[in-house]
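Here is what each chain is made of, one letter per residue.
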Amino acid sequence: METQLLHRGRLIDHIQLVVADLKASRAFYGAIFDVLGVPIGGEAEDYFWADELFVSTKDSQAALGKLTGRHHLAFQAADRAMVDAFYKAGLAAGGRDNGAPGERPYHPGYYAAFLLDPDGNNIEAVYHGAHQRSAPSVEIRFEG
């Protein structure tokens, strides 16, 4: 029996990135998700997924034969230390600097770091300060 956590009230159901080098992407996302406390949910020869992010090769059945364009994805961090750890882990796993950890002028308490993944996507970890809230969730079991 597989258990998946579904989040109600969110805007995004899932995001798919179609990448040129799945092995490099798996190493990068595995490292940053380990720091962020997000487990890899599943994987096969031509894809992997974690939470609402699905990453595949262009030859995957789900990809339609072409790479996706450049995207900006921002992942929530529990605190500033997690943002810092995200940045270090991402750099060590092949990410490229696109903005070291620090306060940003978007609103008071906005602390973030930015990395480019192996395909050039702008990947961010952000902590919004003490007032950050988490979305409600519900556990649903799927049998099969």
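Within any chain, residue numbers begin from 1 and follow the written order of that chain's sequence. In keeping with the predicted nature of the model, local features appear solely for residues at pLDDT of at least 70, side-chain atom pairs appear and are counted solely at 80 or more, and the whole-chain, interface and lining totals rest on all residues. The side-chain values count all of the structure's non-hydrogen atoms but skip hydrogen atoms and water molecules.

> Looking at this structure, how should I read the overall build of the protein?
Numbering of helices and strands runs from the N terminus; a helix is a DSSP stretch of H or I covering at least four residues, while a strand is a stretch of E covering at least two. Looking only at helices and strands, the protein has two helices and 11 strands in total. Reading the secondary structure of the protein in the N-to-C direction produces β-β-α-β-β-β-β-α-β-β-β-β-β. Burial classes follow relative accessibility: with a 1.4 Å probe on protein chains only, a residue under 20% of its type's maximum area counts as buried, one over 50% as exposed, and anything between as partly exposed. For the protein, with 144 residues in total, the buried portion stands at 37%. Sequence-distant contacts in the protein: of pairs separated by 6 or more residues, those separated by 24 or more amount to 59%. Reported accessibility uses the Shrake-Rupley method at a 1.4 Å probe radius. Residues are deemed covered only where the shown protein chains occlude them. Within the structure as shown, the protein displays about 8,600 Å² of accessible surface, and the carbon and sulfur contribution to it stands at 52%. In what follows, residue pairs with any heavy atoms lying within 4.5 Å of each other are defined as contacts.

> Could you clarify how one ought to interpret the packing of aromatic side chains in this entry?
Two measures describe an aromatic ring pair: the distance that separates the ring centres and the angle between the ring planes. Pairs were defined over the aromatic rings of Phe, Tyr and Trp, the Trp ring being its six-membered one, requiring ring centres within 6.5 Å. Orientation was assigned from the angle between planes: stacked under 30 degrees, edge-to-face over 60, tilted for the rest. This structure, assessed with the given rule, holds six aromatic pairs. When the centroid spacing of 5.0 Å and the interplanar angle of 90° are considered together, the rings of F28 and Y29 count as edge-to-face. Y29 shares its class with F28; the two are buried. With centroids separated by 5.2 Å and ring planes inclined at 20°, the aromatic side chains of Y47 and F54 adopt a geometry described as stacked. Every member of this aromatic cluster is reached through a ring pair, and the members are F28, Y29, F33, F48 and F75. A positively charged side chain is recorded as over a ring if its NZ (Lys) or CZ (Arg) lies within 6 Å of the ring centre. The angle to the ring normal must also be within 35 degrees. Against the face of F48 rests R26, its NZ or CZ located 5.9 Å from the ring centre.

> Which parts of the structure should I look at to understand a nonpolar patch on the surface?
Residues form patches when they are more than 30% accessible in relative terms and have no salt bridge. Like charges link within 9 Å. Nonpolar side chains (Val, Leu, Ile, Met, Phe, Trp, Tyr) link within 5 Å. Note on definitions: salt bridges are taken to be side-chain nitrogens of Lys or Arg within 4 Å of carboxyl oxygens of Asp or Glu. Side chains of L11, I12 and I15 sit close together on the surface and give an oily, nonpolar patch of about 310 Å² of accessible area. Mapped onto the secondary structure, I12 falls in the loop between strand 1 (2-6) and strand 2 (15-19). According to the relative accessible area criterion, I12 is partly exposed, its value standing at 45%.

> I keep staring at the pairing of strand 4 (residues 47-50) and nothing clicks. Help me out?
Successive side chains on a regular strand alternate, one facing one side of the sheet and the next facing the other. Here strand 4 shows a buried face lined by F48 and A50 and an unburied face lined by Y47 and W49. One requirement defines pairing of two strands: DSSP has to find at least two bridges between them. Taking the residues that link successive antiparallel strands as the turn, the strand 3 (residues 42-44)-strand 4 hairpin has two residues. In this structure, strand 4 lies alongside strand 5 (residues 53-57), joined through four bridges in antiparallel fashion. Within the sheet, the bridge partner assigned to W49 lies in strand 5 and is F54. Here strand 4 hands over to strand 5 after two residues, with D51 in that stretch at a positive phi of 55°.

> I keep staring at the pattern of salt bridges and nothing clicks. Help me out?
If charged atoms from side chains of opposite charge come close, those side chains can pair. Per the stated rule, a full pass over the model turns up two salt bridges. Among the salt bridges present, the one from R26 reaches E43, with a minimum N-O distance of 3.0 Å. Taken together, the positions of R26 in helix 1 (residues 22-36) and E43 in strand 3 put the pair 17 residues apart, joining distant regions of the chain. Of the charged contacts, one joins R80 and E103 as a salt bridge, the two residues approaching to 2.2 Å between their closest N and O atoms. Here R80, found in helix 2 (residues 80-92), pairs with E103, found in strand 8 (residues 102-103); they are 23 residues apart in sequence, far enough to count as distant. Under the relative-accessibility criterion, R80 is labelled partly exposed at 33%. On the accessibility criterion, E103 (48% relative accessible area) is partly exposed.

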